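Reading the structure
Residue-level listing of the chains:
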Amino acid sequence: MADELTYRGTVTYTDAEGMTKKDLNVQMKHTLHGVKRIPTLLYQSPNASVEELNIQHLEEPGSEAMHDLCNHAKNLLEEIPSRVSTHVAGIVKRVNNLVLNSKDTVRAADMRYAVLVLLQELKQDRETSGELVKLINTLADMQRICYAAAEDRSMINVFRLTNVSFLHYLMIKECLPGEPSSISSRKLWGQYIHSLRDHVPINYRVVAISSIMAENEERQFSLLKRITKSSASYSKPGHIITNILVRTHFQDKAPTSSDKHQQNKISKAGKVISSERTTIPIKLLRKYPREAQTHCERIPDFLLPGYGVYWHIEGEEVVFHDGPNDKPNSDGPKLHHFRATSLKDERKYLQQKWQECLEQRVRVPACKLWVYEDQKLIKKVTTTFLEMDHNSGPDDEITSMEDVCEVEDHIEMEEQSESDSEEDEEVIRVERIDPEPDLDIETGDQEAASQIEASPRILVLHPDQSPGTRIRMERRQITMKSPKICCHCTKILFSCP
């Protein structure tokens, strides 16, 4: 580490000699933070500019739908048995053992098939809750749309994928509340669900998800391993590569039916997926108002035509017109293509449409709206868009937001009044009487150091303090994990001590 840091010019040779292993490790992490490898297309000409290579508009999708769906489904199948009844947990474990545990290597196609089999079993079981069935059904529907052919991409499917991914996110919150029992919080709420909810629907607006999947290409790895283990001569290193090239050449020409049989099996099991319109209970939109506004910001072009065109309220549910029998409206959004637009332009397009919704006071399926200007909150709006008295049919139009909203212009005064109304509490910050020693732990002592426990805090109260005073202790953490941040949209995925 000292040689690497001095070679990069981060520290001098004199400073490196006086630094401990711990200091070198910290400095190395800080130096290599954010460092990426050279893009593949720049290997031949690493000194050339992107304009010279005509790749200045090249974009990374920001998600790998195949891995996101597979790993997210794997995490759900691991967490659900600890949150449901013994009978339902037995169904999940039985499907997991029959479909997945019999495989030496679990592929993404195997996980897709396991989700469909589980959905069919849960629908036939009477003790399974409707929320859990909807959780698995939305996951299966997301798989169906992501693996659909490029010819099936339409604005209705774009609308449905966005709605289904949002509903799936809400179902996770309802079915798996609190801290996970079998997996970590980062696995449940980390990059997989973030990509499926935030990145995949936007990517689908520009390009078919199945067109950017590398499933068929990644299958070549298992083929190369199988050929090498079965027929390669390890005593002759040059024979390994030649053997692979010859056998893969004839393998491609030989008719294989295993992949086709797998797809037919998944297609047959996929008939169990519900194809009705996406419906979201109003109580969930009221319970999670910020998530509801975030969803509206992803579909503003579908909300601009007005109430009744792409959504309406029916009873206690918001119904989105994204079923197989629904047709795109002439006033609705048009399908974009990656040859004419980019993901960056698509995000700007959605932001522009959302601003138009706010300026034109369009009715949206949200009970509260937070209005920002240059990332600064300037207004908070409490709407009555989800009230029953607005369920007057598709022809009803909202002419003015003031007619249905209570606008709170003075955010600071509101926050001040809320803080005054709360119960007065005295916050006592407790510090350690004995300071924590700086331990330089070597590699051999890590095992012993892991058994060291923090010293107890000593709380000193004022003699005049009443016993009923609420005390909040601010404890200093010995170790703190860094927050997980998405490198594409700079959103904090999860941060925990």
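So, here is what we can say about the structure in this document. (Residues numbered from 1 in each chain as written. Predicted model: local features only at pLDDT ≥ 70, side-chain atom pairs only at ≥ 80, totals over all residues. Heavy atoms only, no water.)

Quick look at the overall build of the protein
Which entries qualify depends on this criterion: Helical segments are the DSSP runs of H or I of at least four residues, strand segments are the runs of E of at least two, and each set is numbered from the N terminus. Buried, partly exposed and exposed residues are distinguished by accessible area as a fraction of the type maximum, computed with a 1.4 Å probe on protein chains only: under 20%, between the cut-offs, and over 50%, respectively. Residue contacts follow a heavy-atom distance rule, with two residues in contact if any of their heavy atoms lie within 4.5 Å. Reported accessibility uses the Shrake-Rupley method at a 1.4 Å probe radius. Residues are deemed covered only where the shown protein chains occlude them.
Broken down by element type, the protein carries 19 helices and 8 strands. The burial tally for the protein puts 40% of its 497 residues in the buried class. Within the protein, contacts between residues at least 6 apart in sequence are counted, and of these 70% link residues at least 24 apart. On the protein, roughly 30900 Å² of surface is accessible, and the fraction owed to carbon and sulfur atoms is 49%.

A closer look at the packing of aromatic side chains
For clarity, the threshold we go by: In this analysis, rings of Phe, Tyr and Trp, with Trp reduced to its six-membered ring, are considered paired at centre separations within 6.5 Å, and the interplanar angle assigns stacked below 30 degrees, edge-to-face beyond 60, and tilted for intermediate values.
Counted under the stated rule, the structure contains 6 aromatic pairs. Taking 5.1 Å as the distance between ring centres and 85 degrees as the angle between the ring planes, the aromatic pair formed by Phe302 and Tyr310 counts as edge-to-face. The class of Phe302 is buried, set by a relative accessible area of 1%. Between the aromatic rings of Tyr307 and Trp311, the centroid separation amounts to 5.0 Å while the plane-to-plane angle is 90 degrees, which identifies the pairing as edge-to-face. Classification of Tyr307 by relative accessible area gives buried; the value is 6%. Pairwise contacts between aromatic rings join Phe159, Phe302, Tyr310 and Phe320 into one cluster.

Brief notes about the nonpolar core
Condition: We define the nonpolar core as a collection of buried residues of types Ala, Val, Leu, Ile, Met, Phe, Trp, Tyr and Cys that are connected through side-chain atoms lying within 4.5 Å of one another.
Leu118, Leu122, Cys146, Val318 and Val364 are the most contacted members of the largest nonpolar core, which totals 89 residues. Among the elements that make up this core, the one with the highest residue count is helix α8 (residues 155-175) (13 residues). The residues touching Val364, leaving out its near neighbours within four places in the chain, are Cys296, Leu303, Trp311, Trp354, Leu369 and Phe385.

Here we look at the pairing of strand β2 (residues 311-314)
What counts, and what does not: Any two strands between which DSSP finds at least two bridges are classified as paired.
Here β2 pairs with strand β3 (residues 317-320) via 4 bridges, running antiparallel. Its bridge partner lying in β3, Glu314 is registered against Glu317. Hairpin connection from β2 to β3: 2 residues lie between these consecutive antiparallel strands, with Gly315 at a positive phi of about 70 degrees.

Describing a negative patch on the surface
Just so we agree on the cut-off: A patch consists of residues exposed above 30% relative accessible area that lack any salt bridge, with like charges linked at up to 9 Å and nonpolar side chains (Val, Leu, Ile, Met, Phe, Trp, Tyr) linked at up to 5 Å. By salt bridge we mean one thing: a side-chain nitrogen of Lys or Arg within 4 Å of a carboxyl oxygen of Asp or Glu. In this tally Asp and Glu are treated as negative and Lys and Arg as positive; neither His nor the chain ends contributes. A single reference atom marks each charge: NZ on Lys, CZ on Arg, CG on Asp, CD on Glu.
A contiguous patch of negative charge, built from Glu60, Glu64, Glu217 and Glu218, is present on the exposed surface. Along the polypeptide, Glu64 turns up in the loop between α3 (21-32) and α4 (65-79).

Considering the sheet that holds β2
Put simply, the rule reads: Here an angle of 0 to 180 degrees is reported between the N-to-C directions of two axes, which are lines fitted to C-alpha atoms, with helices fitted over the stretch in contact.
If you trace the 3 strands from one edge of the open sheet to the other, you get β1-β3-β2, paired in antiparallel fashion. The strands lining the two open edges of the sheet, one partner per strand, are β1 (279-281) and β2. Between one strand axis and the next, the sheet turns through 25 degrees on average, direction left out of account. In this fold α8 packs onto β1 and β3, with an angle of close to 30 degrees to the strand it touches most, β1.

Some remarks on the pattern of salt bridges
Within this structure, the stated rule accounts for 15 salt bridges. In this structure, Arg83 and Glu79 form a salt bridge, with 2.9 Å as the shortest nitrogen-oxygen distance. A relative accessible area of 0% places Glu79 in the buried class. Its salt-bridge partner being Arg205, residue Glu346 comes within 3.8 Å of it at the nearest N-O pair. One end of the pair, Glu346, is in helix α17 (residues 343-359); the other, Arg205, is in helix α10 (residues 191-206), and 141 residues separate them in sequence.

Structural notes on the packing of α8 against α10
Definition in use: If an angle is under 35 degrees, it is roughly parallel; if it is over 145, roughly antiparallel; if it lies from 65 to 115, roughly perpendicular; otherwise it is oblique. Classification convention: Asp, Glu, Lys, Arg as charged; Ala, Val, Leu, Ile, Met, Phe, Trp, Tyr, Cys, Pro as nonpolar; all other residues, Gly among them, as polar.
At a minimum axis separation of 9 Å, α8 and α10 run at an interaxial angle of 175 degrees. With respect to each other, α8 and α10 are oriented roughly antiparallel. Of the residues in α10, those in contact with Met155, Asn157, Val158, Leu161, Thr162, Ser165, His168, Tyr169 and Ile172 of α8 are Ile193, Leu196, Arg197, Val200, Pro201, Tyr204 and Arg205. Residue composition of the contact of α8 with α10, by class: 10 nonpolar, 4 polar and 2 charged.

Side note on unusual backbone geometry
Positioned with a positive phi, Arg361 is a non-glycine residue whose angle comes to about 55 degrees. Along the chain, Arg361 turns up in the loop between α17 and β4 (368-373). The exposure class assigned to Arg361 is partly exposed, which follows from its relative accessible area of 30%. Backbone geometry at Gln375 places phi at a positive 60 degrees, although glycine is not the residue there. Overall, the relative accessible area of 81% leaves Gln375 in the exposed class.

Some points on α3
Worth spelling out the cut-off: To estimate the expected span of a helix, count its residues, drop one, and scale the result by 1.5 Å. An arc is given here, and it is the one of the directions from the helix axis to the C-beta atoms.
Helix length check: α3 (12 residues) gives 16 Å between terminal C-alpha atoms against 16 Å at 1.5 Å per residue, within 8%. All of the buried residues in α3 are Leu24, Met28 and Thr31. With its buried residues spanning 65 degrees around the axis, α3 presents them on a single face. In this structure, α3 carries Val26, Lys29 and His30 as exposed residues pointing more than 90 degrees from its buried face. At its buried positions, α3 is contacted by α1 (2-8). Backbone geometry just after α3 places Gly34 at a positive phi near 80 degrees.

Structural notes on the environment of Leu132
By the secondary structure assignment, Leu132 is in helix α7 (residues 130-146). The buried category is assigned to Leu132, whose relative accessible area is 5%. Along the backbone, Leu132 and Val88 are 44 residues apart, and their C-alpha atoms lie at a distance of 9.9 Å. When near neighbours in sequence (up to four residues on either side) are disregarded, Leu132 contacts Ile80, Val84, Val88, Leu122 and Cys175.

As for the environment of Cys175
Tracing the sequence through the fold places Cys175 in helix α8. Using a relative accessible area of 18% as the deciding quantity, one classes Cys175 as buried. Separated by 95 residues in sequence, Cys175 and Ile80 have C-alpha atoms that sit 8.5 Å apart. Ignoring anything within four residues of it in the chain, the contact list for Cys175 reads Arg83, Glu131, Leu132 and Leu135.

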